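Results of the structural survey
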Amino acid sequence: MHFSSKLLEQAVEEFGKLPGVGKKTALRLVLHLLKQSKEDVNRFSQAFTQLKEHIKYCQHCFNISDTSTCEICQSVKRDRATICVVEDTRDVMAIENTNQYQGVYHVLGGLISPMDGVGPSDLRIESLIDRVKQGEVKEVILALSATMEGDTTIFYLYRKLQEFDIEISTIARGIAFGGELEYVDEVTLGRSIMTRVPYERKVG
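Per an unreviewed UniProt entry, the protein is named Recombination protein RecR, and its organism is Sphingobacterium corticis. Among the UniProt annotations of the protein, the heading Sequence similarities (unreviewed entry) holds the following wording: "Belongs to the RecR family." Check the Function (unreviewed entry) section of the UniProt entry for the protein; it says "May play a role in DNA repair. It seems to be involved in an RecBC-independent recombinational process of DNA repair. It may act with RecF and RecO."

Structure follows, in structure tokens:
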């Protein structure tokens, strides 16, 4: 792709680093920004600068938050005896949109994937175990994507958690294999949460 300006080329290259954004899409976005006022572009850039500088991760569940404890963990209405384990913040948002779950969360920060060099020590697994050890937790819901990596992570977590006197469940698989939670419609995802099943049935 030939550029008439080095500045334009540099901006396109930066946008092109975003997931799912090709060179043509990046160029379209950059040209769109060029048409905006200086004030609009400054607000756009400041939003990301402030995000990077001031964003926090909840000290309890590791969800992205503006404060050291997220709104969900702060809420007195949430059932702290139930922890829903998810891959990342996108899954928290997807489940919250169903309005079917009233427990708290634990964000792993990824899935076990030896092919990608991601092992258990790279995830927030030990902090999950520490939460369970405190004795307040009665159920852990393993709400991970129906992929090979998701199933591998679920099995590993089950092995780590089965020594505790808690119920370990997974969401019902109305979700096709290979599906990621963020792309599942709210009705299906909500039903999967509400009709979760004990994980022992799957490994017994």
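Looking along a regular strand, one sees side chains alternate from face to face of the sheet. With respect to burial, strand β4 (residues 103-107) is a largely interior element, five of its five residues being buried. With five bridges joining them, strand β3 (residues 79-86) and β4 adopt parallel strand pairing. Within β4, the position partnered with C84 by the bridge is Y105. What joins β3 to β4 is helix α5 (residues 89-96), and the crossover it makes is right-handed.

Next up on the list: the sheet that holds strand β7 (residues 197-198). Strand order in the open sheet made by the five strands is β4-β3-β5-β6-β7, with mixed pairing throughout. Taken across any chain shown, the strands that pair with only one partner, and hence form the sheet edges, are β4 and β7.

Turning next to the packing of helix α6 (residues 125-133) against helix α7 (residues 148-161). Two elements in contact, α6 and α7, have axes whose closest approach is 11 Å; the angle formed by their N-to-C orientations is 35°. Relative to α7, α6 is oriented so that their crossing is right-handed. Contacts between α6 and α7 pair I125, E126, L128, I129 and V132 from the former with Y156, L157, K160 and L161 from the latter. Here the contact of α6 with α7 is composed, by residue class, of seven nonpolar, no polar and two charged.

Bringing the environment of F44 into the picture now. Mapped onto the elements of the fold, F44 is located in helix α3 (residues 38-54). By relative accessible area, which is 35% here, F44 ends up partly exposed. Along the sequence, F44 and L33 sit 11 residues apart, while their C-alpha atoms lie 9.2 Å from each other.

One finds V85, V140, L142, L157, L161, I166 and I168 to be the most contacted residues of the largest nonpolar core, which totals 23 residues. For this core, the secondary structure elements donating two or more residues are β3, α6, β5 (139-142) and α7. Counting 18 residues, the second largest nonpolar core, distinct from the first, contains V92, A94, V107 and I193.

So, on to the packing of helix α1 (residues 6-15) against helix α2 (residues 23-35). Close contact between α1 and α2 brings their axes to 8 Å; oriented N to C, the two are set at 120°. Overall, the two elements α1 and α2 adopt an arrangement that is oblique. The crossing of α1 and α2 is right-handed. Across the interface between the two elements, L8, A11, V12 and F15 of α1 pack against K23, A26, L27, L29, V30, L31, L33 and L34 of α2. In the contact of α1 with α2, the residues fall into 11 nonpolar, no polar and one charged.

For the rest of this paragraph, the subject is the side chain of D91. Relative to the assigned elements, D91 resides in helix α5. One buried charged residue, D91, forms no salt bridge at all, with the nearest opposite charge on R90 at 5.8 Å. There is a polar contact of 3.3 Å between the side chain of D91 and the backbone nitrogen of E87.

The tally for this structure, following the rule as stated, stands at zero disulfides. The closest cysteine sulfur to the non-disulfide-bonded C58 is located on C61, 3.7 Å from its own sulfur. C70 supplies the cysteine sulfur nearest to C61, a cysteine that is in no disulfide, at a spacing of 3.6 Å.

Calculation criteria
- Residues numbered from 1 in each chain as written.
- Predicted model: local features only at pLDDT ≥ 70, side-chain atom pairs only at ≥ 80, totals over all residues.
- Heavy atoms only, no water.
- UniProt positions renumbered as here; feature names shortened; annotations may be inferred.
- Buried < 20%, exposed > 50% of the residue type's maximum accessible area, 1.4 Å probe, protein only.
- Helix = DSSP H or I, 4+ residues; strand = E, 2+ residues; numbered from the N terminus.
- Pairing = 2+ DSSP bridges.
- Right-handed = clockwise from strand over helix to strand, strands pointing away.
- Axes fitted to C-alpha atoms, helices over the stretch in contact; angles between N-to-C directions.
- Left-handed = near helix turned anticlockwise from the far one by under 90°.
- Contact = heavy atoms within 4.5 Å.
- Nonpolar A, V, L, I, M, F, W, Y, C, P; charged D, E, K, R; others polar.
- Core = buried A, V, L, I, M, F, W, Y, C linked by side-chain atoms within 4.5 Å.
- Parallel < 35°, antiparallel > 145°, perpendicular 65-115°, else oblique.
- Lys, Arg positive; Asp, Glu negative; His and termini not counted.
- Salt bridge = Lys/Arg side-chain N within 4 Å of Asp/Glu carboxyl O.
- Polar contact = N/O pair within 3.5 Å; in protein donor to acceptor, adjacent residues only side chain to side chain.
- Disulfide = S-S within 2.5 Å.

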